[in-house]
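# Fold and contact review
Residues per chain are reported as follows:
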Amino acid sequence: MFDFFFQLHPVIQGTAKGLAVILVIFPFAGACSLAERKVSAWMQGRPGPNRAIVPWIAWVPFLGKFLQRLGVFHLMADGAKFLFKEEPLPGHVNKLYFVLAPVVAMMPAFTTVAVVPFGAYFDPAGRLIPLALANVDVGLLAVFAVSSLGVYSLILAGWASNSKYPFLGGVRASAQLISYELSMTLSVLPVFLWINAPGQPGTMSLVKAVEFQSGAGLHWSGVWFGFLMPLSALIFLVSLYAETNRHPFDMAESESDLVGGFHTEYGAFKWSLFFVAEYSHMIIGSGVFTLLFLGGWNPLPGLPLATVAGWLGLAGTPLLVALLSLAVFLGKIVFLLFLFMWVRWTVPRFRYDQVMKLGWQKLLPLSIANLVFYALGIAFLERG
Amino acid sequence: MAVIPLVRPTLTLLERTYLPQIASGLKTTLKHIFSPNVTLEYPEQRPAIPPGYRGVPTLVMDPNGREKCVSCQLCEFVCPPKAIRITPGEIPADAPTGHVEKAPQAFDIDMLRCIYCGLCQEVCPEEAIFLQNQYSMSGYTRAEMVNHKDRLYELGGTLPDSHHKWDKKLAAEKSGPAH
Amino acid sequence: MAQILFYLFAAFTIASAAGVVANKNAVNAAMCLLLSLVGVAGLFVQLDAYLLAFLLLLVYAGAVVALFLFIVMLLDTKSRASASFKKLPMFASLVAFGLLLAGLGTFVTRGQLESRPLHAVPALGANLKLYAYQLFTTYLLPVQVIGFLLLIAMLGVIVLSKKYDGPEDA
């Protein structure tokens, strides 16, 4: 069915995949920004954006009103607004880096999508075939490496803006991102100690991590790593919040003391690019967290995809299995995105010294201790 | 200077991780998601105005449709921001309300100056000017924001009082001295 | 195809490395360094050393250059007219340049580089397990030495930056 795609020239395939990423992530990120406003509104006892509507949808009797109340059309209104707004370019900025910064923000955000597997199906032989744009063996390392380049957009934006508040935002962001990268990387190591069993080639593959959480029934192989290694999951989640510059680690923006932080001087489409990048980082981060700690595309602990597909009688149709896995995976991502927003509108922002203290004096020692604990534990298990 | 010795509570290890606190915070916000909205959707829904509200100052008529203002200009004098401007005028003697002292020829309240203090209502001997429930004034020009006499009566309406002070005075004059 | 890509990446790396040296603006130089590192990572990918490529990106491009930029921003170095060369640094750099040339010349003329065919060389950078194994066996001493070096550097920074606010004679 999809054979014609694989017969195309690799360059055309790559272009198609890149376009697919943009076409999926861009609206997804926009929907996230709308969801954020709706969730914040509901938490504060407000209805949230509920006015915009397209005339001919308003004629649909019940659905039109419902969609209007849900604020769906504000998404389109916002997009159109950002497209047609005047692009201000302040006179005192370094023009090259000022324009470059939003582009640099988008690149790692979109590149990392390629290596995150988002679903799976079974071939006739019963083997698991992951759905990913590029299924590379260094999976997680690629995500970390490329997303660590995202810090340059903040630094460049802050520096090129050539004014006080963006500069402070950029400095804070760069220090914070580098600090939390350490504990983030250390916190996932127990997972890879676990899945790199002796006698197999070493791997950093995210698919492998999911396979190790796909056991059926009441057996420890079906337990998600989130339950097996709760401390790792917690440290990873906290670092993820810090890495994506989300509340309570919203140091780069921190609008109450820095006006708008690194994007104070930005407006219109360039500003919206920063936001799309932030939300796509959140999406990727949620995806990686799901793959590592929440069992990826397995519906429930001890209830893997294969079992559920068997129950529903989908085993013979790979396409439906793939859709099922995609739905489960997306469901978990949406929940994690909701958690992002939920935390944002609950926990107040840290002070900057608290952020640094938490990162270096609490999370880093904790993640090292966690790593040592699991290293010893796994060594003991394998000996015994 | 009084020094209040502040005793900081010693936190348990669990409390120092902040996680239970964050969890309880999350529970609170989750509860709010499902609780009803507390906001009004303004143009469609209007707030209930409490009694004694001081809105836009207006002029009122008595139940017979007579304008109550006699243009004594007390409100004009008392108005702190000098928002009121009255041009007094005669009432022709053959008019049905000829027995009333005077009536304003023009009565302008500049709503860009008005501070809604209510002194005009306080000072009015005729109970002719009231700060009523209207709270939203808007216009495209400065001239539009000046309420003229007809607009003031339109906003004010009729005051259902039963004093009929001037009619009683007329009746008393006609029936001669009471003593 | 591979040949073209190699030349492309090599030229890109060298050009941006030249940019690091030639740029007077410190931020521009740091960005050139970043590009040069990306070029090197590309070369590693061509050698199938994905692990090394991504480690290079993660550590150097992701953190080290970011720290450089951080320092540059904090120090606010103005792009000055190039300072006139002093005698001693000039002499030292000439010596270093001569040493570099001599070293390169030795490699080229004496043929001391192992030139086994490519498939016979163990691809240490490609396999995670092999890489880690080599790091903890064959190359244990260099790893330890570098670790100590970093420790010394860190201690030095702590000693230099720590302010002792106790009494002087304590």
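This is a predicted model, so every value here is computed, not measured.

## A short note on the overall build of chain A
Tallying secondary structure elements over chain A gives 17 helices and 2 strands in all. Here the C-alpha atoms of chain A give a radius of gyration of 22 Å, agreeing with the 21 Å that 2.2 N^0.38 yields for 384 residues. Principal-axis analysis of the C-alpha atoms places the extent of chain A at approximately 65 × 55 × 50 Å. The burial tally for chain A puts 53% of its 384 residues in the buried class. In chain A, the share of contacts with a sequence separation of at least 24, taken over all contacts with a separation of at least 6, comes to 75%. Just so you have it, chain A exposes about 17200 Å², and 74% of that area is on carbon and sulfur atoms. Measuring between centres, the 23 positive side-chain charges of chain A sit 7 Å from its 18 negative side-chain charges.

## So, the overall build of chain C
When you go through chain C residue by residue, the secondary structure sums to 6 helices and 0 strands. The N-to-C order of helical and strand elements in chain C reads α-α-α-α-α-α. Long-range pairs, those at least 24 residues apart, make up 56% of the contacts in chain C with a sequence separation of at least 6. Carbon and sulfur atoms provide 74% of the accessible area of chain C, an area that totals close to 12900 Å².

## Examining a nonpolar patch on the surface
Residue and element names in this part refer to chain A. There is a patch of nonpolar side chains on the surface, built from W42, V60, F62, L63, F66, L70 and V72 and spanning about 630 Å² of accessible area. Sort the elements by how many residues they give to the nonpolar patch and helix α4 (residues 63-70) lands first, with 3 residues. Position of V60 among the secondary structure elements: in the loop between α3 (55-58) and α4.

## Side note on the pairing of strand β3 (residues 103-110) of chain B
On a regular strand, each side chain points to the face opposite its neighbour's, so the side chains alternate between the two faces of the sheet. Residue and element names in this part refer to chain B. Direction of pairing for strand β2 (residues 84-89) relative to β3: antiparallel, over a ladder of 6 bridges. When the sheet's bridge partners are listed, I86 is paired in β3 with F107. Pairing analysis gives 2 bridges linking β3 to strand β5 (residues 146-147), with the strands arranged antiparallel. The residue of β5 that forms the bridge with I109 is N147.

## Here we look at the nonpolar core
Counting 127 residues, the largest nonpolar core has Y152(A), F236(A), V288(A) and L292(A) as the members making the most contacts within it. Those residues within four positions of V288(A) in sequence are excluded, and the remaining contacts are V116(A), L140(A), V143(A), L206(A) and F236(A). Residues L59(B), C120(B), I129(B) and L152(B) belong to the second largest nonpolar core, which totals 19 residues.

## A short note on the packing of aromatic side chains
To describe a pair of aromatic rings, you give the distance between the ring centres and the angle between the ring planes. Residue and element names in this part refer to chain A. Tallying each qualifying case throughout the model produces 18 aromatic pairs over all chains. Taken together, a centroid distance of 5.4 Å and an interplanar angle of 40° make the contact between F82 and W271 tilted. Pair noted here: F82 is in helix α5 (residues 72-84) and W271 is in helix α14 (residues 268-293), with a separation of 189 residues, a long-range link. When its relative accessible area of 26% is taken as the criterion, W271 is described as partly exposed. Ring geometry for F275 against Y279: centres 6.4 Å apart, planes inclined by 55°, an arrangement best described as tilted. Placement of the pair is F275 and Y279 together in helix α14, with a separation of 4 residues, close to one helical turn. For the pair formed by F275 and Y279, the shared burial category is buried. Cation over ring: K81 sits above F82, and NZ or CZ is 4.9 Å from the ring centre.

## Quick word on helix α8 (residues 151-160) of chain A
Counting buried residues along α8(A), 9 of its 10 residues qualify, which places the element largely inside the surrounding structure. Of the positions making up α8(A), those classed as buried are V151(A), Y152(A), S153(A), L154(A), I155(A), L156(A), A157(A), G158(A) and A160(A). Residues of α8(A) that are buried sit in contact with α6 (95-111), α7 (139-147), α9 (164-195) and α14 of chain A together with α2 (26-46) and α3 (50-75) of chain C.

## Quick word on the sheet that holds β5(B)
Across the sheet, which stays open at both edges, the 3 strands sit in the order β2-β3-β5 (chain B) with antiparallel pairing between neighbours. Sheet topology places β2 and β5 of chain B at the edges, where each strand pairs with a single neighbour.

## Side note on the side chain of T244(A)
All names here are of chain A. Relative to the helices and strands, T244 resides in the loop between α12 (230-243) and α13 (255-258). We classify T244 as buried; its relative accessible area is 6%. A polar contact is formed between the side chain of T244 and the backbone oxygen of Y241, at a distance of 3.3 Å. Apart from residues no more than four positions distant in its own chain, T244 is found in contact with E278, H281, M282 and F340.

## Brief notes about the interface of chain B and chain A
Between chain B and chain A, the residue contacts involve 13 residues of the former and 16 residues of the latter. Contact with chain A buries surface across chain B, with L26(B), I33(B) and E41(B) losing the most and accounting together for 39% of the total. Taken together, the links from chain B to chain A amount to 3 salt bridges. The closest approach of N and O atoms between E44(B) and R51(A), which form a salt bridge, is 3.0 Å. Taken together, the links from chain B to chain A amount to 7 residue pairs in polar contact (both at pLDDT 80 or more). Each residue belonging to the side of chain B that touches chain A can be placed in one class, and the counts come to 6 nonpolar, 5 polar and 2 charged.

## Observations concerning the interface of chain A and chain C
Taken together, the contact pairs 29 residues of chain A with 25 residues of chain C. Interface area, chain A with chain C, both sides summed: about 2200 Å², of which 79% is carbon and sulfur. Joining chain A to chain C, the criterion identifies 0 salt bridges. At the junction of chain A and chain C, the tally comes to 3 residue pairs in polar contact (both at pLDDT 80 or more). Here the side of chain A that touches chain C gets 7 residues from one element, more than from any other, and that element is α9(A). For the side of chain A that touches chain C, the class distribution of residues is 20 nonpolar, 8 polar and 1 charged.

## Some points on the packing of α12(A) against α14(A)
All names here are of chain A. Between α12 and α14, whose axes approach to 11 Å, the crossing angle comes to 175°. The angle between α12 and α14 places the two elements in the roughly antiparallel class. Residues S232, A233, F236, L237 and L240 of α12 form the contact with α14, whose participating residues are G285, S286, V288, F289, L292 and F293. Looking at the contact of α12 with α14 residue by residue, the classes come out as 8 nonpolar, 3 polar and no charged.

## Side note on the environment of P57(B)
Residue and element names in this part refer to chain B. With respect to the helices, strands and loops of the structure, P57 is situated in strand β1 (residues 57-59). When the C-alpha positions of P57 and N133 are compared, they lie 9.1 Å apart, and in sequence the two are 76 residues distant. Residues within four places of P57 in sequence aside, it is in contact with I109, M111, C114, Y116, F130, L131 and L152.

## Quick look at the packing of helix α16 (residues 318-344) of chain A against helix α2 (residues 19-34) of chain B
Running from amino to carboxyl end, α16(A) crosses α2(B) at an angle of 105°, the nearest separation of the two axes being 9 Å. Here α16(A) is positioned roughly perpendicular relative to α2(B), judged by the angle of their axes. On α2(B), the residues touching F338(A), W342(A) and V343(A) of α16(A) are L26(B), T29(B), L30(B) and I33(B). Classifying every residue of the contact of α16(A) with α2(B) by side-chain character gives 6 nonpolar, 1 polar and no charged.

## Section: the environment of A61(C)
Residue and element names in this part refer to chain C. Turning to its location among the elements, A61 is positioned in helix α3. In this structure A61 comes out as buried when scored by relative accessible area, which is 0%. C-alpha of A61 to C-alpha of L37: the two residues are 24 residues apart in sequence and 6.4 Å apart in space.

## Observations regarding the confidence of the model for chain C
Residue and element names in this part refer to chain C. This prediction gives chain C a mean pLDDT of 80; 80% of its residues lie at or above 70. When the elements of chain C are averaged for pLDDT, helix α5 (residues 128-136) gives the smallest value, 79, and helix α6 (residues 140-161) the largest, 91. Two summary scores accompany this predicted model of the complex, namely pTM at 0.81 and ipTM at 0.77.

What counts and what doesn't
Residues numbered from 1 in each chain as written. Chains lettered and ligands numbered in written order. Predicted model: local features only at pLDDT ≥ 70, side-chain atom pairs only at ≥ 80, totals over all residues. Heavy atoms only, no water. Helix = DSSP H or I, 4+ residues; strand = E, 2+ residues; numbered from the N terminus. Rg over C-alpha atoms; globule rule 2.2 N^0.38 Å. Buried < 20%, exposed > 50% of the residue type's maximum accessible area, 1.4 Å probe, protein only. Contact = heavy atoms within 4.5 Å. Areas by Shrake-Rupley, 256 points an atom, 1.4 Å probe, with all protein chains shown as cover. Lys, Arg positive; Asp, Glu negative; His and termini not counted. Charge placed at Lys NZ, Arg CZ, Asp CG, Glu CD. Patch = residues over 30% accessible without salt bridge, like charges linked within 9 Å, V, L, I, M, F, W, Y side chains within 5 Å. Salt bridge = Lys/Arg side-chain N within 4 Å of Asp/Glu carboxyl O. Pairing = 2+ DSSP bridges. Core = buried A, V, L, I, M, F, W, Y, C linked by side-chain atoms within 4.5 Å. Phe/Tyr/Trp six-rings, centres within 6.5 Å; stacked < 30°, edge-to-face > 60°. Lys NZ or Arg CZ within 6 Å of the ring centre and 35° of its normal. Polar contact = N/O pair within 3.5 Å; in protein donor to acceptor, adjacent residues only side chain to side chain. Buried area = accessible area lost by both parts, 1.4 Å probe. Nonpolar A, V, L, I, M, F, W, Y, C, P; charged D, E, K, R; others polar. Axes fitted to C-alpha atoms, helices over the stretch in contact; angles between N-to-C directions. Parallel < 35°, antiparallel > 145°, perpendicular 65-115°, else oblique. pLDDT = per-residue confidence, 0-100.

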